[in-house]
Structure formats: structure tokens, C-alpha cells
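Okay, here's what each chain looks like letter by letter:
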Amino acid sequence: MDKDNSLAENPLLAVWTGPFEAPPFDRLKPSDFAQAFETALASAQAEAAAIAANPEPPSFENTIAALERSGSGLDRVAAVFFNLAAADTNDELQAMEREIAPRLARHHSEIYLNDALFQRIAALHAHKSKLGLDPEQMRVLDRYHTAFVRNGGGLPDAAKARLAAISDRLATLGTAFGQNVLADEKAYLLVLTEPDDLAGLPTSLVSAAARTAADRGVPGRHGITLSRSSIEPFLQFSARRDLREKAFAAWARRGETGGVTDNRAIASEMVRLRAERAKLLGHESFAHFKLADTMAKTPQAALGLLHSVWAPAVAQARREEEALQETAASEGGNFKVAPWDWRYYAEKRRKASYDLDEAELKPYFQLDKMIEAAFFTANRLFGLSFTERNDIPLYHGDVRCWTVTRANGQAAALFIGDYFARPSKRSGAWMSSFRAQRKLDGDVRPIILNVLNFAKVAEGEACLLSFDDAHTLFHEFGHALHGMLSDVTYPLLSGTNVSRDFVEFPSQLYEHWLEQPEVLRRFALHHETGEPMPEALLQRLLAARLFNQGFATVEYAASAFVDLALHLEPDADAIDITAFETKQLEKLGMPASIIMRHRTPHFQHVFSGDSYSAGYYSYLWSEILDADGFEAFEESGDIFDPALAQRLHDHVYSSGYSRDPEEAYKAFRGRAAAPDALLRKRGLAGPTQTRA
Ligand SMILES: [Zn+2]
């Protein structure tokens, strides 16, 4: 075949002319990626080489701005590919992912370890104050210098070669880790055959389970999967202790099933390689290395925060456990409450204490109305409006998209929402982008994506969410706004490309608006009658907000502790991951009735890629900011206070990483965050509290 001709026919390499230059999904085939990656990688390499070999002395323009412009073709192909690999994968994409992940790692190593490039950046950085740069340019130069140093720039050749080999291997292992978890989730279906197997399940869950079974090839039955939106409600409602135990065991053992998808050796090798990498870069441990470039700055600071919530959270969880034990006993249960019992009896306690049950609430949380509520909040705070469109080809029939417009009529972004679970999708919920905002060469507006895993219902039925699901939707939409409102010049500083322990601030802050009566009265409407949630129910829902917070804090913090401990381990050579986990939890005094929110063999935040490694504590770190930050709105007496919303927009949602996060927060709040707001928010501030 004529080479040029085939290139022109590859839709990944063509110019995209549709709205927002969205990828032409209607013309893409998995087989297009191999050639597109070859071509885009070659261009990116040539662009970087040209910057390094420029005979002119280094300037901001010919080095930093040039690097910011380079590799954009590769970024475009990679964004399409990795979004598909996460949200709608198949065997062909998975094979491509295994091949391309280490090659991309090698490409990035080659750039970071290119000495001529590093020398140009170092020379600029050494006299940065004399370059006449504006504050954003100064910041982007600093970030480049930091990134090169943190990737081995300036080290001897032998160390560089080893770092490159480590990156390469970590990319292979991280890909395998994620694919293994997906395989374990795909392989499992709890089929409910007898009517008694459905005991306790509300109708909404029964119909979702029927749909799941049909999708998985067992029509006429009911199926429970290991997706959080399927198994959590099952554990909450199923009166069948034996079935709860069975499903829970499969859920807890993802990545640890002993076969080809077992992740224990992979995780162990990753921990060892990360420790080695940190040492080569002159850091005491991988956690020290990782946290040096965050708000927390040191593992001690992150651990200090975790310890400050741990004791009150365990005390609270013990009280919760006692109450659950009483409920179980009162029903004649002659057993100690186990992890597969917690959600079931907690649901009963919630009903007894607050006259609140999930089945009564759920009809008021329609997916469509919650999307509208998230849009409404963005309109009140930031003046955005949303118009759904059907003229843009998307990658799956369930996916939807909206044009996002500012108050002045200008397009802000394209927003893509992918809400339903399917076997081809990684579990969890996340925000991502097909195109990041930048103004380097013209005003490029972003294409932002939210991917969630709600259980799909049968055609014509309303998709009903739990209050937790609605929180997840608001959380991810908060991240989406951080991407969509971004208003910076340089792509490196764009949107959510900020430190891990700051990035959860805009997302977690946004969740607060879901809990406001003003929002709930308007959007928590019964799916059959259209009636708003009765005021008494709404008040009971909000009163129960702190219910089970001991459990929630303990399961989260346990994961965060183990993540940090693994990456602080001085003797990381051949860690037995699960034995290590058990030992750490024993040391912490983990209650036997609770397990980690993410056990190590399926802890995708930490091992499926690198972004939250030694960084799972970040949610709690950011929570200091969101708890304190939302109090500003409460203090003002207006949850949409325009002046505050403007400052939030200017200093947080639109500023990307163009300034230090601590400074950005102060500019919004008028002062530094006060940590005691966090304990108030979780209901853990009590007389037993010794430090705030
Ligand atoms: Zn998040």
C-alpha cells in the first residue's frame, strides 16, 4: 500500500475539523493506533531533538515555549488512546496498551535525560530573574526545571540509563496491574437464581441486577458484579449473609486470585523499583521523593494529618460497631459483625436512628436531575450554561456531550459524560480530557470527560442513584470544572495538572453544594411523581450526614497509611505485599470488622500508573481546604455568594498550576486554611481530640 496514502487515511493523523476539534470517533478503528503512534512519536522525537540542537543560545522562547509546543500530535493520539483504554477497552486496545506504555515511558525518559536540553533549561533557570518573564512564564520555567531534575537531569550516564530502564519497566507493570484488576472484575458474576437469593433487595436493585444478568449472558436471572455501584448496594441490602460473604470475598480478593491476573508480585516489584528510583535521585525513600513536590512536602506532614484523624475515627468506628453488633444480636444473629455485615447492619441502624432508608431516598436521586443539579450549581457560581448536542460522534452509545458556554456567550469547553458501568470500563470514577486548555497559539478550549460507573437500568426506566453516587457525580464534575474553566497560557500549567494533594480541593469542595437544601429542594424530585423530596425526609437525610463516618474515615485512612508505609519502607527489596499490609494494619489497630477501602493487590490509584502513589493521603489533605473553604460560603450567608465565587473562579478553578497552591488558597479565602474545619466536617471533633 502506498505509505503516504495510508497516512492520509488514518483518521488519527488527519486534521480534525469538527466542533472543538473533537476526535472523529465514527471513523476510528483500534488498528489505527499502531501507525498513528509510530508517526506521532517520530515527530515528537524530531521536535525535541531540534530544540536540543538549536545553535542559538537558549531563550525562554526557543526552549521552554518550544517544548510546550512540541509533541502536541503525540499528546492528541495518546489522549484518545488512553481514554478509550480506560473507558471502553477491548483485546486489541489492551494489546496496544501493553506495547505502547513502555515505549511512551522511554520517549519521556529520552526527553528528560537529554543532556543538551537539560543544560539549556538549567542555564535559563540560573538567571531566571534577568529574563524579563511574566509570573506565568517564571512558573512554567520553574516547573520545567523541577520536572527535569526530578527525572534525572544532570545525573551521571549510568544513573540515567538505570532510571530509563526503571521507567520502562514500571510502565509495563502498571499496565499489567490495571488490566489484571479489570480481568478479575470481568470474570466475576454472582448469579442469583432462587427467589430467596433476592431477599432484602429493593426493586431498583433487583431491576438493575436483571439488566446486568441479561448483559452478561444470563437472561432471566439476576447478577451482581464487582463494580462498586452493584456490589455496595447488594452488601447494604441482601438479607442473605452467606451470599454477602461470598460476593465480598471476591470483591476483596481482586488482584489476589493466584492465577495469571495475580498482582502481588507486580506490586512488590513496583515498590522496589520506585525505591531504587528515589535513591538514584538522591531521596531517602520514594515517599520522600514524591511528596517533595506537593503541598505536604514531607511524608511526616502527611502522616501527621492521617494520625490526627485516626484515633478519633477508630474510637468512633468502635462505637458504630457496637451499635451494629446490638442490631445483629437483636435479630438473633449469633456472630461477630464481619466486614460483609457492616453495610447491611449500618443500613438498618441508619433507618432506626434517622428514620432513613436508602430505598426511600433513591427515587429522589435521578441521574438526569443530578446532572442538572451539577450544571445549575456551575451556573449560579460561575455563570456557565450547558447545551446538550447530538452532532458530535462519541466512542460509545451511552456517552453524552454538552457545549459549555460562559455568561458572555463565549464557548468555555466541550463536556463529555460517560455514566454507566460496562465490562469494558475500568472501575471507579474519574475526570480526564481529550484536549487541555491553553492560549499559547490561539485560545484553545478544552474537551473534558467525566467517567462514572453507575449501574445501567432497562430501557425506559429512570436511572436512580444513591446519595453517595450523587456525591461522586458532583466530585468528578468539580474536577471537570477545574479543567473547563482553566485560563492559562502554557499547557504544562493547565487545569488539573496541579499537585495531587491540591487537585482534590476543587472536586471535594463542589460536593458541598449537593448537600445544600436549596439544591436538593430543586433537583431531588421523585422519578414517578416529580414531587420534591418531602422537607422532613430532606432534613433527616442531612441530619444523617455524619452517620458511619468512623467507618468511612477508617477504611480510607487505612489505605492511605499502607500506601505511605509501602513507599517509605527502607528494605523494599522483596516485600510480600499482603503480609506487609497485614502487619501495618495490626500496628495501626485496624478494627477486624473493617477492611481497607482499596486493598493493595487492586489499589489502582497507587499501582495503575503513578499518579496517586504515596499520594492517596491527598484526599484528606485537600479536605482541610474544602472543609475550611466551604465554611467561607456558609459564613457569608449565601452559598452562591458572588464575590466569593469570583475569587474561587479566579484563584482556584481557572488558575491551573500557574501559582503555588498555598498562595492560591489564601487569595481565595483571605487567609490560610484552618485544619479544625476537617474534623468538624467529619464529626470527629470531640473531647477525645488532642490536636487539631
Ligand atoms: Zn477526585
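Above this text you will find the structure in question.
Structure report, in brief.

About the criteria used
Residues numbered from 1 in each chain as written. Predicted model: local features only at pLDDT ≥ 70, side-chain atom pairs only at ≥ 80, totals over all residues. Heavy atoms only, no water. Helix = DSSP H or I, 4+ residues; strand = E, 2+ residues; numbered from the N terminus. Rg over C-alpha atoms; globule rule 2.2 N^0.38 Å. Buried < 20%, exposed > 50% of the residue type's maximum accessible area, 1.4 Å probe, protein only. Contact = heavy atoms within 4.5 Å. Areas by Shrake-Rupley, 256 points an atom, 1.4 Å probe, with all protein chains shown as cover. 1 Å grid on protein atoms, 1.4 Å probe; cavity = no way out; pocket = protein on both sides within 12 Å on 5 of 7 lines; lining within 4 Å. Points joined across faces, edges and corners; volume = space filled by probe spheres on them. Nonpolar A, V, L, I, M, F, W, Y, C, P; charged D, E, K, R; others polar. Donors = N, O, S within 2.8 Å, 3.2 Å for Na, K, Ca; no water. Axes fitted to C-alpha atoms, helices over the stretch in contact; angles between N-to-C directions. Left-handed = near helix turned anticlockwise from the far one by under 90°. Arc of directions from axis to C-beta. Pairing = 2+ DSSP bridges.

Side note on the overall build of the protein
In step 1: Of the regular secondary structure elements, the protein holds 28 helices and seven strands.
In step 2: Relative to the compact-globule value of 26 Å for 692 residues, the protein shows a C-alpha radius of gyration of 25 Å, a close match.
In step 3: Along the first, second and third principal axes, the C-alpha set of the protein runs to 80 × 60 × 55 Å.
In step 4: The buried share of the protein, taken over its 692 residues, is 58%.
In step 5: Within the protein, contacts between residues at least 6 apart in sequence are counted, and of these 74% link residues at least 24 apart.
In step 6: Of the roughly 27200 Å² that the protein leaves accessible, carbon and sulfur atoms contribute 51%.

Observations regarding the layout of surface pockets
In step 1: Counted as a void, the second largest pocket has a volume near 380 Å³.
In step 2: Together, 23 residues line the second largest pocket, and Arg-216, Thr-225, Ala-421, Arg-422 and Pro-423 are the ones closest to its centre.
In step 3: Residue assignment for the lining of the second largest pocket shows that the elements contributing at least two residues are α8 (157-187), α9 (203-215) and α10 (228-237).
In step 4: Considering only residue class, the lining of the second largest pocket consists of five nonpolar, eight polar and ten charged.

Overview of the coordination of the zinc ion
In step 1: For the zinc ion, every protein donor is listed as His-475 (NE2), His-479 (NE2) and Glu-504 (OE), and the spread of their distances is 2.1 Å.
In step 2: Sequence positions of the residues that donate to the zinc ion give the spacing H-x3-H-x24-E. On the criterion of sequence distance, the pair formed by His-475 in helix α18 (residues 467-484) and Glu-504 in helix α19 (residues 500-514) is long-range, its members being 29 residues apart. Across the pair, Glu-504 and His-475 agree in class, each one buried.

Side note on the packing of helix α2 (residues 32-52) against helix α4 (residues 72-87)
In step 1: Where α2 contacts α4, the two axes come as close as 8 Å, and the packing angle between them is 145°. As α2 packs across α4, the resulting crossing turns out to be left-handed. Contacts between α2 and α4 involve Phe-33, Ala-36, Phe-37, Ala-40, Leu-41, Ala-44 and Glu-47 from the former and Ser-72, Gly-73, Leu-74, Val-77, Ala-78, Val-80, Phe-81 and Leu-84 from the latter.
In step 2: In terms of residue class, the contact of α2 with α4 is built from twelve nonpolar, two polar and one charged.

Thoughts on helix α21 (residues 535-543)
In step 1: Taken residue by residue, α21 has Leu-537, Leu-538, Leu-541 and Leu-542 as its buried positions. Projection of α21 onto a plane perpendicular to its axis shows the buried side chains occupying an angular sector of 135°, all on one side.
In step 2: Where α21 is buried, its residues touch α16 (358-361), α18 and α20 (517-523).

Let's talk about the sheet that holds strand β6 (residues 430-435)
In step 1: One open sheet accounts for five strands, arranged β3-β4-β5-β7-β6; its pairing is mixed. The open sheet has two edge strands with one neighbour each: β3 (385-389) and β6. Averaged over all neighbouring strand pairs, the angle between strand axes comes to 30°, with direction disregarded.
In step 2: Here six bridges tie strand β5 (residues 411-420) to strand β7 (residues 447-454), and the two strands are oriented parallel to one another.

Note that every value here comes from positions in space, so none of it alone points to a role or purpose.
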